[in-house]
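# What the coordinates show
Each chain is listed here by its residues.
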Amino acid sequence: DKIIQYIGELKDNEYSASSICRFISSIRGFCRFLLIEGIIIEDPTETIRTPKKWERLPKAVGIDDIKRLLDIQPSGFRLNYPLYIRDSAMLELMYSSGLRVSEIITIKINDINFEGGFLRIMGKGSKERIVPMNKRSLDKIKRYNNEVRPKLIKSKETPYLFLSNRGLPMTRQRFWQSLKKFARLIGIEISPHMIRHSFATHLLEGGADLRSVQKMLGHSDI
């Protein structure tokens, strides 16, 4: 118990995972010495798992900042209006459905059920899941699909929903650029994963059960 408490104190004092691994390795070596010398009869470190990687959860963005981000208007800003419509639809969908960047940029037109208000997603490990879409997302996507997407298509048709100004499927880098542009307008720093984490956090704070949030995020481990 004291060893576990000690490791907890290291984490609380913000030691890195690699530093904690070295501490654990030293403790294990000392316990092996005590076993060999007959000072102890059991190894207290036997069940302690050495973390390969202890990830810190990203910070959740407050609901007020999320609302400001999603309610940004093009008036008064030097934004390309058609691309603003596209980027606004992508951000709205990412937050309201908790999608990864890789899932956003690979959505195809036929993946969306506009009448039912849901979206078919192919996630990590080629695992398919169905996620709900709210009315704001549907309205923004409909507007983008009707007004902007036809103008972005160049020489040939493409099944992908979100396109670059060259008519190609969006890339992760281009999505990042769009997000940073929107975030700068309201003076915050944000990443795609922070938006996804905020989606989950806000759902849980609103009373959603953990298992449902897990399914919507497409996580294999709760």
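Everything below is about the structure shown above.
Residues numbered from 1 in each chain as written. Predicted model: local features only at pLDDT ≥ 70, side-chain atom pairs only at ≥ 80, totals over all residues. Heavy atoms only, no water.

### A short note on the pattern of salt bridges
Summed over all chains, the structure comprises 11 salt bridges. Residue Arg86 pairs with Asp87 through a salt bridge whose shortest N-O separation is 2.9 Å. On the basis of relative accessible area, Arg86 is assigned to the buried category, the value being 0%. Measuring nitrogen to oxygen at the nearest pair gives 3.6 Å for the salt bridge that ties Arg120 to Glu128. Using a relative accessible area of 32% as the deciding quantity, one classes Arg120 as partly exposed. Salt bridges sharing partners connect three or more residues here, namely Asp71, Glu92, Arg136 and Lys140. (Salt bridge = Lys/Arg side-chain N within 4 Å of Asp/Glu carboxyl O. Buried < 20%, exposed > 50% of the residue type's maximum accessible area, 1.4 Å probe, protein only.)

### Digging into the packing of helix α3 (residues 63-70) against helix α7 (residues 172-186)
Axis separation between α3 and α7 bottoms out at 9 Å; the angle between their running directions is 115 degrees. Here α3 is positioned roughly perpendicular relative to α7, judged by the angle of their axes. Relative to α7, the crossing made by α3 is right-handed. The residues of α7 that touch α3, namely those facing Asp65, Arg68 and Leu69, are Leu179, Phe182, Ala183 and Ile186. (Axes fitted to C-alpha atoms, helices over the stretch in contact; angles between N-to-C directions. Helix = DSSP H or I, 4+ residues; strand = E, 2+ residues; numbered from the N terminus. Parallel < 35°, antiparallel > 145°, perpendicular 65-115°, else oblique. Left-handed = near helix turned anticlockwise from the far one by under 90°. Contact = heavy atoms within 4.5 Å.)

### Points about the packing of helix α4 (residues 81-97) against α7
In contact at an axis separation of 10 Å, α4 and α7 are set at 95 degrees when each is read in the N-to-C sense. When the interaxial angle is binned, α4 and α7 end up roughly perpendicular. Contact with α4, carried on its side by Leu83, Tyr84, Arg86, Asp87, Ser88, Met90, Leu91 and Met94, involves Arg174, Phe175, Ser178, Leu179 and Phe182 of α7 and no other residues of that element. Its residues assigned to classes, the contact of α4 with α7 comprises eight nonpolar, two polar and three charged. (Nonpolar A, V, L, I, M, F, W, Y, C, P; charged D, E, K, R; others polar.)

### Considering the nonpolar core
Core analysis: the biggest nonpolar cluster contains 48 residues, and Leu93, Ile104, Ile107, Leu119, Tyr144, Phe162 and Ile190 have the highest contact counts within it. Among the elements of the structure, α3, α4, α5 (101-104), β2 (118-122), α6 (135-152), α7, α8 (192-205) and α9 (210-217) are those that each provide at least two residues to this core. In terms of residue count, the dominant contributor to this core is α4 (nine residues). Not counting residues within four places of it along the chain, the set of residues in contact with Leu93 comprises Gly98, Leu99, Ile104, Ile107, Leu119, Met133, Ser137, Ile141 and Phe162. (Core = buried A, V, L, I, M, F, W, Y, C linked by side-chain atoms within 4.5 Å.)

### As for the environment of Leu70
By the secondary structure assignment, Leu70 is in helix α3. C-alpha of Leu70 to C-alpha of Ser88: the two residues are 18 residues apart in sequence and 6.8 Å apart in space. Dropping the residues within four chain positions of it, Leu70 is found in contact with Ser88, Leu91, Glu92, Tyr95, Arg136 and Lys140.

### Observations regarding the packing of aromatic side chains
Throughout the structure, instances matching the rule amount to four aromatic pairs. Residues Tyr81 and Tyr84 carry aromatic rings whose centres are separated by 6.0 Å and whose planes lie at 20 degrees to one another, so their mutual orientation is stacked. Highlighted residues: Tyr81 and Tyr84, both in helix α4, separated by three residues, approximately one helical turn. Here Tyr84 falls in the buried class, since its relative accessible area comes to 7%. Seen from their ring centres, Tyr144 and Phe162 are 5.3 Å apart, and the 35 degrees between their planes marks the pair as tilted. Within this pair, whereas Tyr144 is found in helix α6, its partner Phe162 is found in the loop between α6 and α7, the two being separated by 18 residues in sequence. Note on accessibility: Tyr144 and Phe162 belong to one class, buried. (Phe/Tyr/Trp six-rings, centres within 6.5 Å; stacked < 30°, edge-to-face > 60°.)

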